[in-house]
Each structure stands twice: as C-alpha cells, then as structure tokens.
Amino acid sequence: MMAMENKNTGNTHCGCDPYLLSLVETKEGPTFKKASRSTGLLLASITGGAAIALSVVCYPFVSPALRRVVLPYVPASTKQVENVMKALSNSNMVGGRKMIDLGSGDGRIVLAAGQRGFQSHGVELNSVLVLYSKFTAWRQRIKNATFSRQDLFKVDYTKYNNIVIFGVEEMMPELEALFEKSLVSSSQVIACRFPFPNWKPSHVIGEGIDTVWVYEV
Ligand SMILES: C[S@@+](CC[C@H](N)C(=O)[O-])C[C@H]1O[C@@H](n2cnc3c(N)ncnc32)[C@H](O)[C@@H]1O
C-alpha cells in the first residue's frame, strides 16, 4: 500500500489540522523551552537554598543527640524559673551574687537572674540559642547577663557561687562527681527537675516537674 499524504499539511505522518499543529509547535519552540528551563533552575536553587538554610539552623538543635550524654533543649517552665529565682533569693553565700546556668537554652533563667541583680552567665552548646539569648539581653538592656558557646563539662565553676543545672537524670551522677572535685566551698547548686543521686538537699522548692533541689556545698 502507498503512504497516504495529507494534502493540506504536507505531513505524511499524522494528517493533523495545520492550525492545531502550529499552536503546538509555537508552545514548544526554543524560547518557551529556554524560559521553562530557567524557571526550573530558579525553583531548584530556591528549594536547595532553603533546604541548606534549614539544615544550618536545625543542626545545633539535633547535634546534642549525637553526644555521649544527650541533653535536649527543653525550656524551663515559668513556675520552674520562679522556683529557681526563689532559691537564688534565699542564697546567703559569701559574695553570692554570681550565677551560672549550665546549658542555658534561650537564656530565660540567666536573664531572670540578671534582672534581679545577679552577675549571671549562661553556657550553651547551641550557637543559635546563644545568639538568641545575647540578642534578648541586648533588647531588654540586661547588661549583667552574658552568654558563651561552651561545653558545660569544661567550665571553670570556681568563679560562681550559684550554679544552676536543668539536666537529664543520666548526667547527674557524673556532674555530682565533677562538682565534688572542682567546687569551692560556699557554693550553692540548684538542680531543676532531676536531683543529684547522693547529695542531700538543704531544701526543696516546688513540686512535680517544676521541683528545684538546692544544695549547699
Ligand atoms: C533542658 S535544656 C535547659 C535550658 C535552660 N537552662 C532552661 O532552663 O530553660 C538543656 C540545654 O543544654 C544544652 N546542652 C546540651 N548539652 C550541652 C553541653 N554539653 N554543654 C552546654 N550546653 C549543653 C542544650 O542545647 C539545651 O539548650
């Protein structure tokens, strides 16, 4: 059999309407293809950039999970902050208006102590939280609240009379042993939510998850 040729189009393959064919050809022309390729590249760059930015912000929050002792970011409740402030105000330590919060999170305990006249410092591994805390101190004009990015296990505690820790149960024995070796006398240690396993607290403030144990060393 001979191949049928469409006389209107000269197209031996399909016999399509020439008007419809011209519409299709115009849309898929080189200009359209170039534009859709650059839109695709732009979208890919935006998505890729957003994914990288998100990973950079999230990494400091996820990385504590990769450490030997996992201490996640769980901010203290308002009641818990109040209980820590009560413990600090009862403090009768010699030269006792210096405090440190080990793992200071968004800085709420350090800022609250700073507002009450304590020379207060927070150490925190998460650089985003350190930046945020510094920004809040600057915005609220609390000059005696300072922050640094530091590992709480490598801090010189001897400069502080009040030490606050909101840790996890697993780290308390190790921390207790560390404090026994390094703390100067007349220091007060305030443990939030989890007590030390062997020390006897001088008093306990609050109840449930907001409990605070106060130890005089
Ligand atoms: C339970 S949160 C307490 C936050 C803050 N103290 C509060 O009461 O709101 C513990 C904090 O310790 C930080 N952290 C975990 N491991 C740490 C380490 N080795 N050194 C310093 N900070 C650490 C976490 O990033 C988290 O922000």
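Since the structure is predicted, the reported quantities are computational estimates derived from the model, not experimental observations. (Residues numbered from 1 in each chain as written. Predicted model: local features only at pLDDT ≥ 70, side-chain atom pairs only at ≥ 80, totals over all residues.)

1. Quick word on the environment of Tyr-160
In step 1: The topology assignment puts Tyr-160 in the loop between β3 (145–149) and β4 (162–165).
In step 2: On the basis of neighbour counts, which here come to 25 C-beta atoms within 10 Å, the residue Tyr-160 falls in the buried class. (Helix = DSSP H or I, 4+ residues; strand = E, 2+ residues; numbered from the N terminus. Buried ≥ 20, exposed ≤ 12 C-beta atoms within 10 Å, placed from the backbone.)

2. Let's talk about the nonpolar core
In step 1: If you look at the biggest cluster of nonpolar residues, it comprises 37 residues, and the most contacted ones within it are Val-84, Ile-109, Ile-163, Val-164, Ile-165, Ile-190 and Cys-192.
In step 2: Of all elements in the fold, only α3 (78–89), β1 (98–102), α4 (108–115), α5 (127–139), β3, β4, β5 (188–192) and β7 (212–216) reach the threshold of two or more residues within this core.
In step 3: Counting residues per element, this core draws most heavily on α4, which supplies 5 residues.
In step 4: Among residues more than four places away in sequence, those in contact with Ile-109 are Ala-76, Val-81, Val-84, Asp-101, Ser-104 and Val-164. (Core = buried A, V, L, I, M, F, W, Y, C linked by C-beta atoms within 7 Å. Contact = placed C-beta atoms within 7 Å.)

3. Overview of the sheet that holds β3
In step 1: With mixed pairing, 7 strands are arranged side by side in an open sheet as β3-β2-β1-β4-β5-β7-β6. Only two strands of the sheet have a single partner each, and these edge strands are β3 and β6 (203–205). Each neighbouring strand pair of the sheet contributes to a mean axis angle of 20°, computed without reference to strand direction.
In step 2: In terms of strand pairing, strand β2 (residues 119–124) meets β3 through 5 bridges, oriented parallel. Note that in β3 the partner of His-121 across the bridge is Thr-146.
In step 3: Strand contacts of α4: β1, β2, β3 and β4, with the helix running at about 170° to β2, the strand carrying the most contacts. (Pairing = 2+ DSSP bridges. Axes fitted to C-alpha atoms, helices over the stretch in contact; angles between N-to-C directions.)

4. What to know about the site of the ligand
In step 1: Inspection of the region around the ligand gives 21 residues, with Leu-71, Ala-76, Gly-103, Gly-105 and Leu-152 positioned closest.
In step 2: Tallied by class, residues from the shell around the ligand come to 13 nonpolar, 4 polar and 4 charged. (Near = placed C-beta within 6 Å. Nonpolar A, V, L, I, M, F, W, Y, C, P; charged D, E, K, R; others polar.)

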